[in-house]
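# Structural characterization, general
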Amino acid sequence: MSVTVRSYLGVGDDSSLGDDVLDGLTRPFKELPPKHLYDRAGAELFDRICELPEYYPTRAERAILAERSGDIAALTGAAEVVELGSGTAAKSRLLLSALAQAGTLRRYLPVDVTEGMIRDTGDALAAEYPGLDVHGIVGDFERHLGHLPAPTGPRIVAMLGGTIGNFTPGARRRFLRGVGRLLGPDGALLLGVDLVKDPARIEAAYDDGAGVTAAFNRNILRVVNRELEADFEPERFDHVAFFDREHEWIEMRLRAQQRMTVHVAGLGLTVGFAKREELRTEISAKFTPRRLVADLAAARLEPIELFTDSDALFGLTLARPVAAPRFRATRNRGFAVAA
Ligand code: SAH
Ligand code: TRP
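All values reported here derive from a predicted model rather than from experimental measurement. (Residues numbered from 1 in each chain as written. Chains lettered and ligands numbered in written order. Predicted model: local features only at pLDDT ≥ 70, side-chain atom pairs only at ≥ 80, totals over all residues. Heavy atoms only, no water.)

It is worth spelling out the site of ligand 1 at this point. Looking at ligand 1, there are 18 residues lining it, with Gly-85, Lys-91, Asp-112, Asp-140 and Phe-141 nearest. With respect to ligand 1, the side chain of Asp-140 contributes an N or O atom lying 2.8 Å from a nitrogen atom. The contact in question runs from a nitrogen atom of ligand 1 to an N or O atom on the backbone of Phe-141, over 2.8 Å. When ligand 1 is considered free in solution it has 570 Å² of accessible area, and contact with the protein chains removes 92% of it. Class assignment of the residues belonging to the shell around ligand 1 gives a composition of six nonpolar, seven polar and five charged. (Near = heavy atom within 4 Å. Polar contact = N/O pair within 3.5 Å; in protein donor to acceptor, adjacent residues only side chain to side chain. Areas by Shrake-Rupley, 256 points an atom, 1.4 Å probe, with all protein chains shown as cover. Nonpolar A, V, L, I, M, F, W, Y, C, P; charged D, E, K, R; others polar.)

Within this structure, the stated rule accounts for 27 salt bridges. The salt bridge involving Lys-35 is made with Asp-20; its shortest N-O contact spans 3.7 Å. With a gap of 15 residues between them, Lys-35 in the loop between helix H1 (17-25) and helix H2 (40-51) and Asp-20 in helix H1 connect regions that are remote in the sequence. Judged by its relative accessible area of 22%, Lys-35 falls in the partly exposed class. The shortest N-O distance in the salt bridge between Glu-67 and Arg-68 comes to 4.0 Å. The partly exposed category is assigned to Arg-68, whose relative accessible area is 29%. A single network of salt bridges, built from pairs that share partners, joins Asp-23, Arg-27, Glu-31, Glu-251, Arg-253, Arg-255, Glu-278 and Arg-280. (Salt bridge = Lys/Arg side-chain N within 4 Å of Asp/Glu carboxyl O. Helix = DSSP H or I, 4+ residues; strand = E, 2+ residues; numbered from the N terminus. Buried < 20%, exposed > 50% of the residue type's maximum accessible area, 1.4 Å probe, protein only.)

What follows deals with H1. Taken as a whole, H1 has its buried residues at Leu-17, Asp-20, Val-21, Gly-24 and Leu-25. Down the axis of H1, the buried side of the element spans an arc of 100°, and every buried residue falls inside it. Its buried side turned inward, H1 meets helix H8 (212-228), strand E10 (269-273) and strand E11 (278-285). (Arc of directions from axis to C-beta. Contact = heavy atoms within 4.5 Å.)

Encoded structure:
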């Protein structure tokens, strides 16, 4: 048993917070990428979101994993699990336990931007699963997946919690294509996606009565204040969550209550907000089975199974690489795909 943690976030490189703020706050429609929501305070708020009565995704996905982890273990025979955006790995334990019980589990490789979570989770899991090797990666899953070691046996790459929905559609397919290359020939992708449903139900999940989600959303301004010496007044921004029916995603925004000027001293940047101007902090795409299959196909992946909970709120798909097309030389020029 061993625990190794490697960090690819350099000193002063908060996974490019400065670049993201400079880019995102100087656009006509202001935007910040969601990975900066999860500092220690943000991660604690997210844990509270997962327990909220309105936030159904965590409970639904946990129910699916509780029911299907044995099947997933049998279908994959996985020796290792790479988990992208692992957080506290609360639900992943259901899968790890099924693989341990099947006797195939050897290694767990969590990837997350939040260092404390990788360290705490890694230590806890190594203690819970005797003989398990943990290889943690503190890094950005959009930039650092090349640092993952080669598979040592059949591999599952898991992305749970609907995190895949936080990409825009083009970036999502590019990301899935890259993930496909991490699987190896006998690996599988385990992907959790929130399903399209009544917009009111979705909007409630992202705007709870207790205001935890609003606090989580505003926390991104506190991160910018602390890391880049900015003077945002988070309480002067309202939390906005609305379902965009055309794109089938929910958007989280922060709306300035009044006209204001914000200084980001660390970047030498001054940013003006008009009254009611909005800053986008996250999109969370919701899927139909058809759209999911199309995204997988565009990344040369095909579903083996699509599991759902009893209320069809959330989907968990197990997918594998499409068998590589065989090429044969044609008589005159180039190659053609063999039938
Ligand atoms: N998998 C957990 C947590 C989901 S929240 C669950 O299902 O409950 C999303 C997680 O992804 C957070 O832990 C956050 O720190 C991490 N994350 C977000 N963007 C990331 C990025 N670009 N690279 C690595 N981790 C990221
Ligand atoms: N990935 C989660 C989701 O899309 C994160 C999340 C939940 C979130 N609630 C939020 C992000 C509120 C920003 C604001 O469901």
